[in-house]
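Here is how the chains run, residue by residue.
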Amino acid sequence: MNRLIQPGNMKLGGDTMMFNIPAIIEICGRICEGCYSHKAYRMYPNVLPAQERRLKASKQPDFTTIVNKELSSLRKKPKYFRIHGSAGEFYSQSYINAWQAIIKSNPKITFYAYTKRMKDFNFSSLQGLQNMVLIDSMHFGGINFDTKDNVPSGAFVCPAEKDKVICGINCLWCMQKGKADTKGVFFIKH
């Protein structure tokens, strides 16, 4: 069965599901230098077609119904759900509104996402939900991704590059309201 939602990647714990769409200019509004998604497209040719299928589904009127059905059909409900876990971005207000409906329908799951498009759309509907953590990827005046030498002063640096640190297991920074959504998170290039 070709589900829209998928288990988390190796950096996400077993209690995390995710949803990815392509990291393309039409979606992201930019292509970031060193984009991990574009590297994955070259290394794993089946990834982009699967993300394109999800993008197409996200534009259908029954998108929220399908995602909600998939979540309710899971034997083990996830604690966390990463929107755009390894690729994609919020691409329209109607897409944001669809995620708002999904998140409201699943109050026992903590959803979280990063976005570089805070200034492009109205995210107040998502930010107001208690089970949604929306993280501004431009929190530090530029993309929250660079070398160790360029970490902004006082930034929380994602520990995922260290051995045995798994999001949702031994680091919950991005899944807690009032943490990454207000203070940001910085990623080290590796």
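Heads up: the structure comes first, above all this text.
Residues numbered from 1 in each chain as written. Predicted model: local features only at pLDDT ≥ 70, side-chain atom pairs only at ≥ 80, totals over all residues. Heavy atoms only, no water.

Colleague: Looking at this structure, I do not really get the overall build of the protein chain. What am I missing?
Modeller: When its secondary structure is counted, the protein chain shows seven helices and seven strands. When the elements of the protein chain are put in sequence order from the N terminus, they spell out β-β-α-α-α-α-β-α-β-α-β-β-α-β. Of all 190 residues assigned to the protein chain, the portion counted as buried reaches 46%. Considering only intrachain contacts with a sequence separation of at least 6, the fraction spanning at least 24 residues in the protein chain is 71%. Here the protein chain displays about 10200 Å² of accessible surface, and carbon together with sulfur accounts for 53% of that area. (Helix = DSSP H or I, 4+ residues; strand = E, 2+ residues; numbered from the N terminus. Buried < 20%, exposed > 50% of the residue type's maximum accessible area, 1.4 Å probe, protein only. Contact = heavy atoms within 4.5 Å. Areas by Shrake-Rupley, 256 points an atom, 1.4 Å probe, with all protein chains shown as cover.)

Colleague: I'm lost on the side chain of S58 in this one. Help?
Modeller: Locating S58 in the fold gives a position in helix 3 (residues 47-58). Judged by its relative accessible area of 7%, S58 falls in the buried class.

Colleague: Quick question: what am I supposed to make of the nonpolar core here?
Modeller: Of all hydrophobic cores here, the largest spans 31 residues; its most connected members are F81, F90, W99 and F111. Once residues within four sequence positions are removed from consideration, F111 is found in contact with L71, F81, I83, W99, I102, I103, N106, N131, M132 and V133. Membership of the second largest hydrophobic core comes to 17 residues, among which are V133, A160, C171 and W173. (Core = buried A, V, L, I, M, F, W, Y, C linked by side-chain atoms within 4.5 Å.)

Colleague: Sorry, what's going on with the pairing of strand 2 (residues 16-19) here?
Modeller: Put simply, side chains in a regular strand alternate between the two faces of the sheet. Here strand 2 shows two buried faces, one formed by T16 and M18 and the other by M17 and F19. Relative to strand 2, strand 1 (residues 6-7) runs antiparallel, the two sharing two bridges. Along strand 2, the bridge assignment pairs P7 with M17. The pairing of strand 2 with strand 3 (residues 80-83) spans four bridges and is parallel. Note that in strand 3 the partner of M17 across the bridge is F81. (Pairing = 2+ DSSP bridges.)

Colleague: How do you make sense of the sheet that holds strand 1 when you look at a structure like this?
Modeller: Whenever strands of a sheet pair, they do so through backbone hydrogen bonds, lying parallel or antiparallel. As summarised here, the arrangement of the five strands in space is 1-2-3-4-5, forming an open sheet in which the pairing is mixed. Among the strands making up the open sheet, the edge pair consists of strand 1 and strand 5 (132-136). Note: strand 4 (residues 110-115) against strand 5, five bridges, orientation parallel. Note on strand 5: the bridge partner recorded for F111 is M132.

Colleague: What is the right way to read the pattern of salt bridges from this model?
Modeller: Taken as a whole and judged by the stated rule, the model has three salt bridges. Its salt-bridge partner being D120, residue R117 comes within 2.8 Å of it at the nearest N-O pair. For D120, a relative accessible area of 45% translates into the label partly exposed. (Salt bridge = Lys/Arg side-chain N within 4 Å of Asp/Glu carboxyl O.)

Colleague: Mind showing me how you'd approach helix 4 (residues 63-73) here?
Modeller: Note that an α-helix has 3.6 residues per turn; residues three or four places apart therefore point the same way. Within helix 4, burial applies to F63, T64, V67, N68, E70 and L71. The arc that holds the buried residues of helix 4, viewed along the axis, is 160°, so those residues lie on one side. Within helix 4, the exposed residues directed more than 90 degrees away from the buried face are K69 and S72. Contact partners of the buried residues in helix 4: strand 2, helix 3, strand 3, helix 5 (93-105) and strand 4. (Arc of directions from axis to C-beta.)

Colleague: Please explain the packing of helix 4 against helix 5 as it appears in this structure.
Modeller: When two helices pack together, their arrangement is given by the angle between their axes and by how far apart the axes lie. Viewed as axis vectors pointing N to C, helix 4 and helix 5 meet at an angle of 30°, and their least axial separation amounts to 9 Å. In this view, helix 4 runs roughly parallel relative to helix 5, as classed from their interaxial angle. Handedness of the helix 4/helix 5 crossing: right-handed. Counted together, F63, T64, V67, N68 and L71 of helix 4 and Y95, A98, W99, A101, I102 and S105 of helix 5 form the full contact between these two elements. (Axes fitted to C-alpha atoms, helices over the stretch in contact; angles between N-to-C directions. Parallel < 35°, antiparallel > 145°, perpendicular 65-115°, else oblique. Left-handed = near helix turned anticlockwise from the far one by under 90°.)

Colleague: Sorry if this is basic, but what is going on with unusual backbone geometry here?
Modeller: With glycine set apart, most residues show a phi of negative sign, and most peptide bonds adopt trans. The phi torsion at H84 lies on the positive side, around 65°, for a residue other than glycine. Note on placement: H84 falls in the loop between strand 3 and helix 5. H84 sits in the buried class, given a relative accessible area of 5%.

Colleague: Would you explain the packing of aromatic side chains in this entry?
Modeller: Two aromatic rings are characterised by how far apart their centres lie and by the angle between their planes. Applying the stated criterion across every chain yields a total of 16 aromatic pairs. Among the aromatic residues, ring-to-ring pairing joins F19, F63, F81, F90, Y91, Y95, W99, F111, F121 and F123 into one connected group. Across the ring face of Y91, the terminal group of K59 is positioned such that the distance to the ring centre comes to 5.7 Å. (Phe/Tyr/Trp six-rings, centres within 6.5 Å; stacked < 30°, edge-to-face > 60°. Lys NZ or Arg CZ within 6 Å of the ring centre and 35° of its normal.)

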